[in-house]
Amino acid sequence: MRIESIELFHVRMPLKEPWRTAYGSDSAIETVLVRMQADGLEGWGESSPLAQPCYSPEYAGGVFAVVRDIFAPRLLGKTICSGEELQNELAIYKGNPFAKAALDTAWWDLHARSRGLPLYKALGGTNPVVRAGADFGVGDSEEQLIERVGDALSSGAPRIKLKFAPGWDLPVLRKVRSRFPEATIHIDCNSGYRLEDEGLFREIDELDLAMIEQPLRYDDIADHAALQSVLQTPICLDESINSVERTQQAIRLGACRWVNIKPGRVGGLTVALRIRALCEAAGIGCWVGGMLESALGAMHCAALATLPNFTYPADLFPTSRFYAVDLSTPEIAFSRPWEVELPEQPGVGARPDAERLKDWCVAKAVLR
Ligand code: MG
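Bear in mind that the values here come from a model prediction, so they are computed numbers and not experimental data. (Residues numbered from 1 in each chain as written. Predicted model: local features only at pLDDT ≥ 70, side-chain atom pairs only at ≥ 80, totals over all residues. Heavy atoms only, no water.)

(A) Just the overall build of the chain, in detail. Within the chain, the secondary structure is distributed over 14 helices and 15 strands. Relative to the compact-globule value of 21 Å for 368 residues, the chain shows a C-alpha radius of gyration of 20 Å, a close match. Over its C-alpha atoms, taken along the principal directions, the chain stretches across nearly 60 × 40 × 35 Å. Relative to its 368 residues, the chain shows a buried fraction of 60%. Counting only contacts in the chain whose residues sit at least 6 apart along the sequence, the fraction spanning at least 24 positions is 73%. Measuring between centres, the 39 positive side-chain charges of the chain sit 4 Å from its 49 negative side-chain charges. (Helix = DSSP H or I, 4+ residues; strand = E, 2+ residues; numbered from the N terminus. Rg over C-alpha atoms; globule rule 2.2 N^0.38 Å. Buried < 20%, exposed > 50% of the residue type's maximum accessible area, 1.4 Å probe, protein only. Contact = heavy atoms within 4.5 Å. Lys, Arg positive; Asp, Glu negative; His and termini not counted. Charge placed at Lys NZ, Arg CZ, Asp CG, Glu CD.)

Pasting the structure below:
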């Protein structure tokens, strides 16, 4: 497919309520959408690195600029026949996985549409139903959290993920665990702690959690390996896994027993497929995370989650969980409780709504 045009949209999507984690609080999610045209078809990609470089070193304004000024011009006019070819074109540029993912995910939608396949089948998936889990941010009230967790469990949520941060940590977790002793629970620390906090994690080790997600620095492998060696509870790496090579290092050092794969954080679906395969070969389970993307980006994530070795429920949410209205359409809704069913139409199966894209757009660029 010869890439004829690339349009970019930096979009600000208002959340229903602020999303609080160990790295801060967001009242809106900033995301970058790509419309890529080739051979009379169009593909849409999305990458949602947040408004500020707090989750990772990338942020939406920076992703927009680097794609507009450097990455998209490199691809224009080129014939790109595989995700690997696209990644190879961009390989001279260091880092910037979210920026690469914006283009990579658009290419995959385009590719799936050109083959007349739903994206999940183009990626190699077979089962169109993905299980989703419940996710709770840092809050103000322990009582409210316990009520919400109880509601999720009684509606059949297969697992509970609690954001965990200094000031909202062990006492809250103990209360939730004692109230729901049988539930599958894990915590996501979003890099909020250091190896010196080993004592805290030894106490958490007594609480029979499914995993401890990204306890230490966003770019660390070695300290996580040291912490994993003294804990029974599996560590799951999220922020630290942003390339194939870092996955190989984490496996070699024994830094984790789970990997959360987000297409944006690793550089796109092409890289996500390679990380998935590495983990499977090493006996490390995977699950798909998200960055509160619009339904477009969420459907890219859901398609990935249909592949083998994604054995833990994904962070996939109905639109109504975080947004009054979704930027993209159709909005995400559970087909059955805590399940998302992938569409059978060609491509990713979601598009931005033209009016909302116009209204919420912060910056736009067209390259031909
Ligand atoms: Mg995480």
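Continuing now.
(B) Structural view of the coordination of the magnesium ion. Summarising the metal site, the magnesium ion is bound by the protein donors Asp 188 (OD), Glu 213 (OE) and Asp 238 (OD), whose distances to it range over 2.1 to 2.3 Å. Between consecutive donors of the magnesium ion, the numbers of intervening residues give the motif D-x24-E-x24-D. Separated by 25 residues along the polypeptide, Glu 213 in strand S8 (residues 211–213) and Asp 238 in the loop between strand S9 (235–237) and helix H9 (244–253) bring together distant segments of the chain. Residue Glu 213 is classed as buried on the basis of its relative accessible area, which comes to 0%. Note on Asp 238: relative accessible area 0%, which makes it buried. (Donors = N, O, S within 2.8 Å, 3.2 Å for Na, K, Ca; no water.)

(C) Inspection of the sheet that holds strand S7 (residues 185–188) at higher detail. A sheet is described by the order of its strands in space; here seven strands give the open sequence S5-S6-S7-S8-S9-S10-S11, paired in parallel fashion. Where the open sheet ends on each side, the last strands, each with one partner, are strand S5 (134–136) and strand S11 (285–288). Averaged over all adjacent pairs, the angle separating strand axes in this sheet is 25°, with direction ignored. In terms of strand pairing, strand S6 (residues 160–163) meets S7 through four bridges, oriented parallel. By the bridge assignment, Ile 160 is partnered in S7 with Ile 185. (Pairing = 2+ DSSP bridges. Axes fitted to C-alpha atoms, helices over the stretch in contact; angles between N-to-C directions.)

(D) Region of interest: the nonpolar core. Ranked by internal contacts, the top residues of the largest apolar core, which has 127 residues, are Ile 6, Met 36, Leu 162 and Ile 204. It is helix H3 (residues 97–115) that provides the largest number of residues to this core, a total of nine residues. Aside from chain neighbours lying at most four places away, what touches Leu 162 is Phe 136, Leu 145, Val 149, Leu 173, Val 176, Ile 185, His 186, Ile 187 and Asp 188. (Core = buried A, V, L, I, M, F, W, Y, C linked by side-chain atoms within 4.5 Å.)

(E) Structural context of the sheet that holds strand S2 (residues 24–38). One open sheet holds the four strands; their spatial order is S3-S2-S1-S15, and the pairing between them is antiparallel. Among the strands making up the open sheet, the edge pair consists of strand S3 (41–47) and strand S15 (361–367). Neighbour-to-neighbour, the strand axes of the sheet open up by a mean angle of 20°, direction not taken into account. Looking at chain direction, strand S1 (residues 3–21) and S15 are connected through six bridges and run antiparallel.

(F) Region of interest: the pattern of salt bridges. A complete count under the given rule lists 27 salt bridges for this structure. With a closest N to O distance of 3.3 Å, Glu 89 and Arg 74 form a salt bridge. You can see Glu 89 sitting in helix H2 (residues 83–90) and its partner Arg 74 sitting in helix H1 (residues 60–75), a full 15 residues away along the chain. Across the salt bridge formed by Asp 219 and Arg 217, the nearest N and O atoms sit 3.0 Å from each other. Through salt bridges with shared partners, a single ionic network connects Glu 7, Arg 35, Glu 42, Asp 109, Arg 351 and Lys 364. (Salt bridge = Lys/Arg side-chain N within 4 Å of Asp/Glu carboxyl O.)

(G) Representation of the domain arrangement of the chain within the structure. The domain architecture assigned to the chain consists of domain 1 (3–116 + 351–367) and domain 2 (121–341). For domain 1 and domain 2, the distance between their C-alpha centroids amounts to 23 Å. Counting the surface lost from both domain 1 and domain 2, the interface buries some 3600 Å², and carbon and sulfur atoms represent 64% of this. Looking at the side of domain 1 facing domain 2, the largest losses of area belong to Trp 19, Arg 20 and Tyr 55, adding up to 21% of the total buried there. Our count for the contact surface shared by domain 1 and domain 2 stands at three salt bridges. The partner of Arg 20 in a salt bridge is Asp 140, with the nearest N and O atoms 2.8 Å apart. At the junction of domain 1 with domain 2, the criterion picks out 18 residue pairs in polar contact (both at pLDDT 80 or more). (Domains from an automatic or database assignment. Buried area = accessible area lost by both parts, 1.4 Å probe. Polar contact = N/O pair within 3.5 Å; in protein donor to acceptor, adjacent residues only side chain to side chain.)

(H) Up close: the side chain of Asp 135. Turning to its location among the elements, Asp 135 is positioned in strand S5. Lys 161 is the oppositely charged side chain nearest to the buried, salt-bridge-free Asp 135, at an N-O distance of 4.0 Å. Those residues in contact with Asp 135 that lie beyond four places of it in its chain are Trp 19, Lys 161, Lys 163, Asp 315, Phe 317 and Arg 321.

(I) View of the packing of helix H5 (residues 142–154) against helix H6 (residues 170–179). Packing of H5 against H6 brings their axes to within 10 Å, and their N-to-C directions diverge by 35°. Every pair of crossing elements has a handedness; the one defined by H5 and H6 is right-handed. For the pair H5 and H6, the contacting residues are Glu 142, Leu 145, Ile 146 and Val 149 in the first and Val 172, Lys 175, Val 176 and Arg 179 in the second. Partitioned by chemical class, the residues of the contact of H5 with H6 number five nonpolar, no polar and three charged. (Left-handed = near helix turned anticlockwise from the far one by under 90°. Nonpolar A, V, L, I, M, F, W, Y, C, P; charged D, E, K, R; others polar.)

(J) Representation of the packing of aromatic side chains within the structure. On inspection of all chains with the given rule, the structure shows twelve aromatic pairs. Aromatic pair Tyr 193 and Phe 201: ring centres 5.6 Å apart, planes at 85°, arrangement edge-to-face. With respect to class, Tyr 193 is no different from Phe 201; both count as buried. Feature note: the residues Trp 19, Phe 317 and Phe 322 constitute an aromatic cluster, connected by ring pairs. The ring of Trp 287 carries the charged tip of Arg 159 above its face, separated from the ring centre by 5.1 Å. Above the plane of the ring of Phe 322 lies Arg 321, whose end atom (NZ or CZ) is 4.3 Å from the centre. (Phe/Tyr/Trp six-rings, centres within 6.5 Å; stacked < 30°, edge-to-face > 60°. Lys NZ or Arg CZ within 6 Å of the ring centre and 35° of its normal.)

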